[in-house]
There are 2 protein chains.
Amino acid sequence: MKISTKGRYALRVMIDLAIHDTGEYVALKDISARQGITVKYLEQIVTTLGKAGLLRSMRGNNGGHRLAKKPEEYRIGDILRTMEGDLAPVECLQGDENLCPKAEECSTLKFWKGLDDVVNEYVDKFTLRDLVTETEKNFGNDYSI
Amino acid sequence: MKISTKGRYALRVMIDLAIHDTGEYVALKDISARQGITVKYLEQIVTTLGKAGLLRSMRGNNGGHRLAKKPEEYRIGDILRTMEGDLAPVECLQGDENLCPKAEECSTLKFWKGLDDVVNEYVDKFTLRDLVTETEKNFGNDYSI
DNA sequence: CTGTATTCATACTATAATACTATGAATTAA
DNA sequence: TTAATTCATAGTATTATAGTATGAATACAG
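For every chain, the first residue of the written sequence is number 1, and numbering continues from 1 along that sequence. The lettering of chains begins at A and the numbering of ligands begins at 1, in the order of writing. This being a predicted model, a pLDDT of at least 70 is required before a residue's local features are given, and a value of 80 or more before pairs of side-chain atoms are given or counted; all residues contribute to the totals for chains, interfaces and linings. The side-chain quantities take in all heavy atoms of the structure and omit both hydrogens and water.

What exactly am I supposed to notice about the overall build of chain A here?
The helix and strand inventory of chain A stands at six helices and two strands. In chain A, the succession of helices and strands from N to C terminus is α-α-α-β-β-α-α-α. Its C-alpha atoms give chain A principal-axis dimensions of roughly 55 × 35 × 25 Å. Each residue is placed in one exposure class: buried if its accessible area under a 1.4 Å probe, protein chains only, is under 20% of its type's maximum, exposed if it is over 50%, and partly exposed if it falls in between. Residues classed as buried in chain A amount to 44% of the 145 residues present. Any pair of residues with heavy atoms lying within 4.5 Å of one another is described as a contacting pair. Sequence separation of 24 or more characterises 66% of the internal contacts of chain A that already satisfy a separation of 6 or more. The sign given to each residue is positive for Lys and Arg and negative for Asp and Glu; His and the chain ends receive no count. Charged side chains are reduced to one point each, which is NZ for Lys, CZ for Arg, CG for Asp and CD for Glu. Across chain A, the centroid of the 21 positively charged side chains sits 4 Å from that of the 23 negatively charged ones. Only DSSP runs of H or I with at least four residues qualify as helices, and only runs of E with at least two residues qualify as strands; both kinds are numbered from the N terminus onward.

Explain the interface of chain B and chain A to me, please; I cannot follow it from the model alone.
Interface extent is often summarised as the accessible area lost during association of the parts. Taken together, the contact pairs 37 residues of chain B with 37 residues of chain A. Here chain B and chain A share an interface that buries about 3,300 Å² over both sides, 68% of which is from carbon and sulfur atoms. The term salt bridge refers to a pairing of a side-chain nitrogen on Lys or Arg with a carboxyl oxygen on Asp or Glu at a separation within 4 Å. Summed over the shared surface of chain B and chain A, the number is four salt bridges. Between Lys110(A) and Glu134(B) there is a salt bridge whose closest N-O contact spans 3.0 Å. Under this definition, polar contacts are N or O atom pairs within 3.5 Å; protein pairs additionally need one hydrogen-donor-capable and one acceptor-capable atom, and for neighbouring residues in sequence, both atoms have to be side-chain atoms. Applying the counting criterion to the chain B and chain A interface returns 16 residue pairs in polar contact (both at pLDDT 80 or more). Of all the secondary structure elements, the ones that give two or more residues to the side of chain B that touches chain A are helix H1 (5-19), helix H4 (76-84), helix H5 (109-124) and helix H6 (128-139) of chain B. Buried area is calculated as the accessible area (1.4 Å probe) missing from two parts once they are joined, with the contributions of both summed.

What am I meant to see in the packing of aromatic side chains here?
The pairing test for Phe, Tyr and Trp rings, Trp by its six-membered ring, is centres within 6.5 Å, and the orientation test on the planes gives stacked under 30 degrees, edge-to-face over 60, and tilted for anything in between. Scanning the model with the defined rule gives ten aromatic pairs over all chains in all. Taken together, the ring pairs connect Phe111(A), Trp112(A), Tyr122(B) and Phe126(B) into an aromatic cluster. As a reminder, the over-ring test applies to NZ of lysine and CZ of arginine, requiring each to be within 6 Å of the ring centre and within 35 degrees of the ring normal. The ring of Tyr74(A) carries Lys69(A) above its face, with NZ or CZ at 4.8 Å from the centroid.

Hey, could you run me through the protein's contact with DNA strand D in this one?
Inspection of the region around DNA strand D gives 26 residues, with Lys29(A), Arg59(A), Lys40(B), Gln44(B) and Arg59(B) positioned closest. One heavy atom within 4 Å of a molecule or strand makes the whole residue count as near it. Taking the atoms of DNA strand D that fall within 4 Å of the protein, sugar and phosphate contribute 65% of them. Within the side chain of Lys40(A), a nitrogen or oxygen atom sits 3.2 Å from a base nitrogen of DNA strand D. One nitrogen or oxygen atom from the main chain of Asn61(A) is found 3.4 Å from a base nitrogen belonging to DNA strand D. Broken down by secondary-structure element, the contributors of at least two residues to the surface near DNA strand D are helix H2 (28-35), helix H3 (39-51), strand E1 (55-58) and strand E2 (64-67) of chain A together with H1 and helix H3 (39-51) of chain B.

Before we go on, may I ask you to explain H3(A) in this structure?
Residues separated by three or four positions in an α-helix point in the same direction, a consequence of the helix having 3.6 residues per turn. Residues and elements named next belong to chain A. Relative to the 18 Å expected for 13 residues at 1.5 Å per residue, H3 spans 18 Å between its end C-alpha atoms, a close match to the ideal helical length. Those residues of H3 that are buried lie in contact with helix H1 (5-19), H2, E1, E2 and helix H4 (76-84). Glycine 53 lies just past H3 and shows a positive phi near 80 degrees. Helix span, expected: 1.5 Å multiplied by one less than the number of residues in the helix.

Just to check I follow, could you spell out the pairing of E1(A) for this structure?
If a strand is regular, its side chains alternate between the two faces of the sheet. Residue and element names in this part refer to chain A. In the sheet, E1 pairs with E2 via four bridges, with the strands oriented antiparallel. Across the sheet, residue methionine 58 finds its bridge partner in E2, namely glycine 64. The criterion for strand pairing is that DSSP finds at least two bridges linking the strands in question. Taking the residues that link successive antiparallel strands as the turn, the E1-E2 hairpin has five residues, and the phi of glycine 60 there is positive, at about 75 degrees.

Sorry if this is basic, but what is going on with the nonpolar core here?
One recurring pattern in soluble globular proteins is that nonpolar side chains are buried together. What makes a nonpolar core is a set of buried Ala, Val, Leu, Ile, Met, Phe, Trp, Tyr and Cys residues whose side-chain atoms join them at distances within 4.5 Å. Of all hydrophobic cores here, the largest spans 85 residues; its most connected members are Ile79(A) and Ile79(B). The element that contributes the greatest number of residues to this core is H1(B), accounting for nine residues. Leaving out residues up to four positions away in the same chain, Ile79(B) has contacts with Ala10(B), Leu11(B), Met14(B), Leu49(B), Leu54(B), Tyr74(B) and Leu128(B).

Help me out: how do you make sense of the protein's contact with DNA strand C in this one?
In the vicinity of DNA strand C lie 26 residues, with Gln44(A), Arg59(A), Asn61(A), Lys29(B) and Arg59(B) positioned nearest. Take the atoms of DNA strand C that sit within 4 Å of the protein: sugar and phosphate atoms are 66% of them. Between DNA strand C and Thr5(A), the relevant distance is 2.9 Å, taken from a phosphate oxygen to a main-chain nitrogen or oxygen of the residue. Asn61(A) places a main-chain nitrogen or oxygen 2.7 Å from a base oxygen of DNA strand C. Residue assignment for the surface near DNA strand C shows that the elements contributing at least two residues are H1 and H3 of chain A together with helix H2 (28-35), H3, strand E1 (55-58) and strand E2 (64-67) of chain B.

Help me understand the relation of the copies chain B and chain A in this model?
Overlaying chain B with chain A gives an RMSD of 0.0 Å, the required rotation being 180 degrees about an axis along which the chain moves by 0.0 Å. The operation mapping one copy onto its partner corresponds to a two-fold rotation axis. When each C-alpha of chain B is compared by its distance to the rotation axis, Met1(B) comes out closest, at 2.1 Å. The fraction of interface residues of chain B whose copies in chain A are also interface residues reaches 100%, indicating that both copies meet through the same surface. The fit set for superposing copies consists of C-alpha atoms from residues with pLDDT of at least 70 in both; the fit itself is least squares.

Okay, here's the thing in structure tokens:
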């Protein structure tokens, strides 16, 4: 029942961008230094986030990335689902094409669906703002990680 | 965020054993025929369940397995945690030895802990009896799968 | 006491997913 | 024109998953 590193790192990237939002673009090099994640791996993550419209990017010198919206407008669930595809605990819940032919009579499907629901409800209950607030509470103005 | 086949199959094994509970031991061969899981793979699953005290087993001719308790005395969470180890969404929640040194200042840890909590609360809200009842509702007396 | 059916124990293996790394092109600003 | 960046794609090493294989131990039936 693990979240992949991409999902976890994406959350840290988004928090980092929110905290270091000066209106300028933030280079991956800087995020890398603060978060201890290689630039190359970050590239994969921000590409996915960018294609999903969660980030704005700028190439070239002084280029980088910044949030496309205000922190309170991102549900954590949207960030995680963007990276993970979905959060379904079993394959047969991943879209109708994976729904197995025995679905009608499957006694555990309802149970798994319920689990999927509580997970999604939870991650959608929080916004990026909530995690940023929590981070600033922990670090005060000295935040550098 | 997937549950492994062992976790999913274990649930089906337990439901199968509950439904076919005549007081006798049920051979893996029979469960295999009904569930479409090889005897060899079932052996691994029931061994884990047995060591955790969820099943009683008997070797030799006419041997097999049966539930150690009444269906209503098994929380689904106990069955799943037995097979999966735990249901933690991130490694740092898997026991104190994995708690990372930055835990104190980690702003996402609380979020992940909350997710872990809602998952465990959900799976502990149901008992094996609930899934058996659901299965019998779907199949009536013709249950053979 | 022998044969057969079963669990129990352990080791092995194939496939897939994860977690990266590598190479180089395209773009932008100074 | 140069340097710094993102963008695109491919490659790889490690780990986890999902099984299979071999054979010993046990129990009952005859």
